[in-house]
Amino acid sequence: MTYLAKPILHHPTLPKNALGYTRRDYEGKISTLCAGCGHDSISAALIQACWELEIEPHRVAKLSGIGCSSKTPDYFLGNSHGFNTVHGRMPSVLTGANLANRDLIYLGVSGDGDSASIGLGQFAHAMRRGVNMTYIVENNGVYGLTKGQFSATADSGSKSKKGALNTDSAIDLVSLALQLGASYVARSFSGDKDQLVPLLKGAISHRGAALIDVISPCVAFNNHAGSTKSYDHVREHNEAVNRLDFMPARRALSARYAPGEAIEVTQHDGSLLRLCKLGDGYDPGDRLAAMNRIARHGARGEIVTGLLYVDSAAGDLHAHLKTVDTPLNRLAEADLCPGSAALAAINAELV
Ligand SMILES: Cc1ncc(C[n+]2csc(CCOP(=O)(O)OP(=O)(O)O)c2C)c(N)n1
Ligand code: SF4
Ligand SMILES: [Mg+2]
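Participant: Just give me the short version of the site of ligand 1, but keep the residues and values in it.
Facilitator: Around ligand 1, the surrounding shell holds 17 residues, and the nearest of these are C68, S69, G113, D114 and G144. C68 is positioned such that a nitrogen or oxygen atom in its backbone is 2.8 Å from an oxygen atom of ligand 1. Considering ligand 1 on its own, with 590 Å² of exposed area, one finds that the protein chains cover 74% of that surface. Mapped by element, the contributors of at least two residues to the shell around ligand 1 are α2 (68-71), α4 (112-117) and β5 (142-143). In terms of residues, the shell around ligand 1 owes the most to one element, α4, which gives three residues. Per-class residue counts for the shell around ligand 1 are six nonpolar, nine polar and two charged.

Participant: Describe the sheet that holds strand β3 (residues 105-111), and please don't skip the residues or the numbers.
Facilitator: Strand order in the open sheet made by the eight strands is β2-β1-β3-β4-β8-β7-β13-β9, with mixed pairing throughout. What marks the edges here is a single partner per strand, and that holds for β2 (81-84) and β9 (238-240). Direction aside, the axes of adjacent strands within the sheet are offset by 20° on average. Across five bridges, β3 lies against strand β4 (residues 133-139) in parallel orientation. Its bridge partner lying in β4, L107 is registered against T134.

Participant: Outline the coordination of the magnesium ion (ligand 3), supporting the account with residue identities and numerical values.
Facilitator: In this structure, D112 (OD), N140 (OD1) and V142 (O) serve as the protein donors to the magnesium ion (ligand 3), at separations of 2.1 to 2.3 Å. If you list the donors of the magnesium ion (ligand 3) from N- to C-terminus, the spacing comes out as D-x27-N-x1-V. Residue class for V142 comes out buried when judged on its relative accessible area of 4%.

Calculation notes
Residues numbered from 1 in each chain as written. Chains lettered and ligands numbered in written order. Predicted model: local features only at pLDDT ≥ 70, side-chain atom pairs only at ≥ 80, totals over all residues. Heavy atoms only, no water. Near = heavy atom within 4 Å. Polar contact = N/O pair within 3.5 Å; in protein donor to acceptor, adjacent residues only side chain to side chain. Areas by Shrake-Rupley, 256 points an atom, 1.4 Å probe, with all protein chains shown as cover. Helix = DSSP H or I, 4+ residues; strand = E, 2+ residues; numbered from the N terminus. Nonpolar A, V, L, I, M, F, W, Y, C, P; charged D, E, K, R; others polar. Pairing = 2+ DSSP bridges. Axes fitted to C-alpha atoms, helices over the stretch in contact; angles between N-to-C directions. Donors = N, O, S within 2.8 Å, 3.2 Å for Na, K, Ca; no water. Buried < 20%, exposed > 50% of the residue type's maximum accessible area, 1.4 Å probe, protein only.

Rendered as C-alpha cells:
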C-alpha cells in the first residue's frame, strides 16, 4: 500500500557500484500495481541498468503521462527528478525540459494508450525531432488503469478478457519510430531481463531519440488465451534478432564472441554496443531492413525483439538547433542579451 514506507536501512554487505550506491539507492516507493504486472519488471530492469551504469540519481529526470505504466516512475529512482504530466502529453513536457537543461538524463515512461492512442501526435513529434531521451513504452495492448479497454496497439483479431474481438488494425510504435527518424529503436519483453537491461543501458548512453517498446503483460485484463500480449503468447512468438552486450567506455573490453558472430557499434560517449547476431545476419544499421523484418515477421504472428536499429552518429535536437553547450537554464542575462549596440546593428540590417 502507498502509505507503507520502504525501510531505509539495508544490509551492509549489499554490493555497491563505483559511486558507493547499492541497488536499493535506485529504488522508489513500494509498487501499488497488481502482483505479476509486467510494468514492475521494467522498473526492476531500470533500477539494474542505472545501478550498473553508475548514474548519479540527481542527474536523471523521469517523465510520464497517465496510466498504470505512467505511475511506475514513483517506484524507481526515488532520488531523481520526476514529472507526472497529463495523459499523452509527456513528450512535449520532456522536450521542453530537455531544451531548458540538456545536462540531465531523460527517461520518458509511457503506456500504449498514453503513446499510441491519445498521445500519438506528441509521440511522433518527439521522435522526429530527435529529442535526447530514452522513451519506454510499457505495452500491454490495453488501458490497464481504466479496466482493460483495447488500446491502439492491440492486434486485429485479438480478444478481450470477456471475449470481444478487436477489429481495428494495430499501430506499431516501433515501425512508426523507425519511419519518423528515431536513432535507437528496440523491442523487448518485460519477462526477459537479460535482454532488457543491456537495451536500456545502450539507450540511456545513446545521444538522440531512443525508443524501447516493451511488451508488458497486464495480468488483470490482458493475459488470457486469445490475447497477443499475454506472457504465454509473447514467450511462444518471440523472435530475437540479436543479443546485446553493453560496455561503458571506461571498462576494458572482453571478447565474448568469435569474430564474425558479432557487430560492434561505438556510441558518441565511447561506450560499445556489441551485438551477437542470432539466426541470419541481421544488420541493425539498416533502417529499411528493420522495417521490412518487422512487417514480414509480424505477418506470421512473430514478435521481433532486440536492438532493431541504431545510428550512433545521428545527433539530437540540440545538435540540429546548434544550441550552446551550456544548458539554457544556466545562461545569465549577460549571455542572453548582447546589448543595445548589437540590437541596433541587427535592426540596421533589416531596414
Ligand atoms: C485526458 C484524459 N483522457 C482519458 C483519461 C482516462 N485514462 C486514464 S489512464 C488511461 C489509459 C491508460 O492506458 P495505458 O497508457 O496503456 O497505460 P496502462 O494503464 O495500460 O499501463 C485512460 C484512457 C485521462 N486520465 N485523461
Ligand atoms: S491493471 Fe494491468 S497494467 Fe494495471 S497494474 Fe494491474 S496488471 Fe498492471
Ligand atoms: Mg496499456
